[in-house]
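The residues making up each chain are set out below.
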Amino acid sequence: MSAGDAPEEPRDIRRARRALEQGHVESALGLAWRIAGRAAPRGDEATLGLLAPLAGEIERQADDGSRAEAARLNVFVSRCLDDVRAGVPHSSPFSFVFGRPGEVRLKTCPECAETVRREARVCRYCGHRFEPPLAAGS
Ligand SMILES: [Zn+2]
């Protein structure tokens, strides 16, 4: 498997996953942020799709010191992925991370107990369909 356009990211994702497996949550988190920061502006759906489950795993293993940051990563990746799939151009990760940290709204999937964006209609982990929001715009 050596496609000419093989992206760097899967290798980085493997490194991040290995760091996580060895208990280096903060290293995994740093790597994952770097991957996300490159993939998001490019609208790289494949990479974000690989990163999403890893971000969830990082959040699960994070301790008190890094959990908030891990949650931010998780939400960021999931939001970027949703936007990419919806064809929404995404802004820089930094405006998202540092610009409006309080805006992120989450909910917990009743099926798999994963944390997903509150606007999500389908759980990205297990495919559970949420009730449509009461006041749906657009
Ligand atoms: Zn679920």
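The structure displayed is predicted, hence computed values, not measured ones.

Trainee: Would you take a moment to explain unusual backbone geometry for this structure?
Mentor: Leaving glycine aside, a negative phi is the common case for residues, and trans is the common case for peptide bonds. The backbone of Ala113 shows a phi angle near 65 degrees, a positive value even though the residue is not glycine. With respect to the element layout, Ala113 can be found in the loop between strand 1 (106-108) and strand 2 (115-117). Of the residues examined, Ala113 has 10 C-beta atoms within 10 Å and is grouped as exposed.

Trainee: When you look at the confidence of the model for the chain in this model, what are you seeing that I'm missing?
Mentor: Confidence in the prediction for the chain averages 81 pLDDT; 78% of positions are at 70 or higher. Of all secondary-structure elements in the chain, the lowest mean pLDDT belongs to helix 5 (residues 93-99), at 48, while helix 3 (residues 45-61) reaches the highest, 94. Low pLDDT (under 50) marks residues 97-102, which in the prediction has three contacts with non-local residues, meaning those over four places away or in another chain.

Trainee: Mind showing me how you'd approach the nonpolar core here?
Mentor: Within soluble globular proteins, side chains that are nonpolar generally end up buried alongside one another. Counting 28 residues, the largest nonpolar core has Ala32, Ala36, Leu51, Ile58, Leu73 and Val77 as its most contacted members. Looking at this core, the elements with two or more residues in it are helix 1 (9-21), helix 2 (25-42), helix 3 and helix 4 (67-86). Of all the elements, helix 2 adds the most residues to this core, at 10 residues.

Trainee: I tried to follow the packing of helix 2 against helix 3 on my own but got confused; where do I start?
Mentor: To characterise two packed helices, one gives the angle between the axes of the helices and the distance between these axes. Two numbers describe how helix 2 lies on helix 3: the axes approach to 10 Å, and their chain directions differ by 155 degrees. The orientation of helix 2 with respect to helix 3, classified from their angle, is roughly antiparallel. Crossing of helix 2 against helix 3: the hand is left-handed. Between helix 2 and helix 3, the residues in contact are Val25, Ala28, Leu29, Ala32, Ile35, Ala36 and Ala39 and Thr47, Leu48, Leu51, Leu54, Ala55, Ile58 and Gln61, respectively. Broken down by class, the residue content of the contact of helix 2 with helix 3 amounts to 12 nonpolar, two polar and no charged.

The rules we used
- Residues numbered from 1 in each chain as written.
- Predicted model: local features only at pLDDT ≥ 70, side-chain atom pairs only at ≥ 80, totals over all residues.
- Helix = DSSP H or I, 4+ residues; strand = E, 2+ residues; numbered from the N terminus.
- Buried ≥ 20, exposed ≤ 12 C-beta atoms within 10 Å, placed from the backbone.
- pLDDT = per-residue confidence, 0-100.
- Contact = placed C-beta atoms within 7 Å.
- Core = buried A, V, L, I, M, F, W, Y, C linked by C-beta atoms within 7 Å.
- Axes fitted to C-alpha atoms, helices over the stretch in contact; angles between N-to-C directions.
- Parallel < 35°, antiparallel > 145°, perpendicular 65-115°, else oblique.
- Left-handed = near helix turned anticlockwise from the far one by under 90°.
- Nonpolar A, V, L, I, M, F, W, Y, C, P; charged D, E, K, R; others polar.

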